[in-house]
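Listed below are the residues making up each chain.
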Amino acid sequence: MAKEIRLDKYLAEMGQGTRSQIKEMARKGRICVDGLPEKKPERKIDPAHNQVELDGRIIAYAEYEYYMLNKPQGVVSATEDSRHETVVGLILDRKRDDLFPVGRLDIDTEGLLLITNDGDLAHQLLSPKKHVDKVYFARVEGELPSDSKERMKEGMELSDGTLTLPADLEILSQGQIGALSEILLTIREGKFHQVKRMFEVLGCPVVYLKRLSMGSLTLDEALRPGQYRPLTEEELLRLKSHGKERKAEDVG
């Protein structure tokens, strides 16, 4: 349950304006609490019990929000960008103004992305110490070397000397010269352009990449690129319990 917070903080967190703008709204009588005009933006309210309205619209409060997004190509994994549309900008019915993507997908990569404002959960999923599984589907050029699985399993040295953790490769189909191979790859870290760089070492450049899962969270097949939905209670509980299990393993 949310604790008491200032009225101006409540409205600012819900994306209704800056503190100074909200102060002016209150002065003009545009804000009501429990049906009565409230001109003191510093007033403490309980989000669980007080109803806040702005210009007659009820402004519901959410301490945390969690959205599953099927990221499309051409959109950047950021909160703001001067040249490209952002993944946060795709969440049209969000209540909060402080959402961010958990991790990054390249601009030309599709698939699962968690959008939230829960910093603790993001840390549990992204911390290198947690080794959270991330599964990708990819199409790559040509035929993969016969020892590809073994090389991935042992950990690879990338072109700049960076070493990767062991990864699991499943070859779905092998293309001949000039054709494409399809694979599933499970990695447990998130180095810059990691999947693409791993296949470059094998001589098979990635031409299409899509993330299918992250930890216990699996992309909803009903979501087309650009579509999103809130996480279910079950999905959220599994994610959080997964993080606690990883934390217990670290302590142990």
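As a reminder, the structure under discussion sits directly above these lines.
Here the structure is a predicted model, which means the values were calculated and not measured.

Notes on the layout of surface pockets
- In this structure, the largest pocket spans a volume of roughly 580 Å³.
- Counting residues per element, the ones that place at least two in the lining of the largest pocket are helix H3 (119-126), strand S10 (134-141), helix H5 (194-201) and strand S13 (206-214).
- Residues that form the lining of the largest pocket fall into these classes: 14 nonpolar, eight polar and 10 charged.

Details of the sheet that holds strand S2 (residues 31-33)
- The strand order S3-S2-S5-S6 describes an open sheet built from four strands, whose pairing is antiparallel. With partners counted over all chains shown, the strands left at the sheet margins are strand S3 (36-37) and strand S6 (57-58), one partner each.
- Looking at chain direction, S2 and S3 are connected through two bridges and run antiparallel. Residue valine 33 lies in a different strand from S3, and its bridge partner there is leucine 36.

A closer look at the nonpolar core
- Of all hydrophobic cores here, the largest spans 31 residues; its most connected members are Ile115, Met152, Leu185, Met198 and Phe199.
- Among the elements of the structure, strand S7 (66-71), strand S9 (110-116), S10, strand S12 (180-187), H5 and S13 are those that each provide at least two residues to this core.
- Residues within four places of phenylalanine 199 in sequence aside, it is in contact with Val140, Leu144, Met152, Leu169, Ile183, Leu185, Cys204, Pro205 and Val206.
- Counting residues in hydrophobic clusters, the runner-up holds 16 residues, among them Met68, Leu112, Leu236 and Leu239.

Considering the side chain of glutamate 189
- Along the polypeptide, glutamate 189 turns up in the loop between S12 and H5.
- There is a polar contact of 2.5 Å between the side chain of glutamate 189 and the backbone nitrogen of leucine 165.
- One polar contact links glutamate 189 to glutamine 194, side chain to side chain, over a distance of 3.3 Å.

What counts, and at which threshold
- Residues numbered from 1 in each chain as written.
- Predicted model: local features only at pLDDT ≥ 70, side-chain atom pairs only at ≥ 80, totals over all residues.
- Heavy atoms only, no water.
- 1 Å grid on protein atoms, 1.4 Å probe; cavity = no way out; pocket = protein on both sides within 12 Å on 5 of 7 lines; lining within 4 Å.
- Points joined across faces, edges and corners; volume = space filled by probe spheres on them.
- Helix = DSSP H or I, 4+ residues; strand = E, 2+ residues; numbered from the N terminus.
- Nonpolar A, V, L, I, M, F, W, Y, C, P; charged D, E, K, R; others polar.
- Pairing = 2+ DSSP bridges.
- Core = buried A, V, L, I, M, F, W, Y, C linked by side-chain atoms within 4.5 Å.
- Buried < 20%, exposed > 50% of the residue type's maximum accessible area, 1.4 Å probe, protein only.
- Contact = heavy atoms within 4.5 Å.
- Polar contact = N/O pair within 3.5 Å; in protein donor to acceptor, adjacent residues only side chain to side chain.

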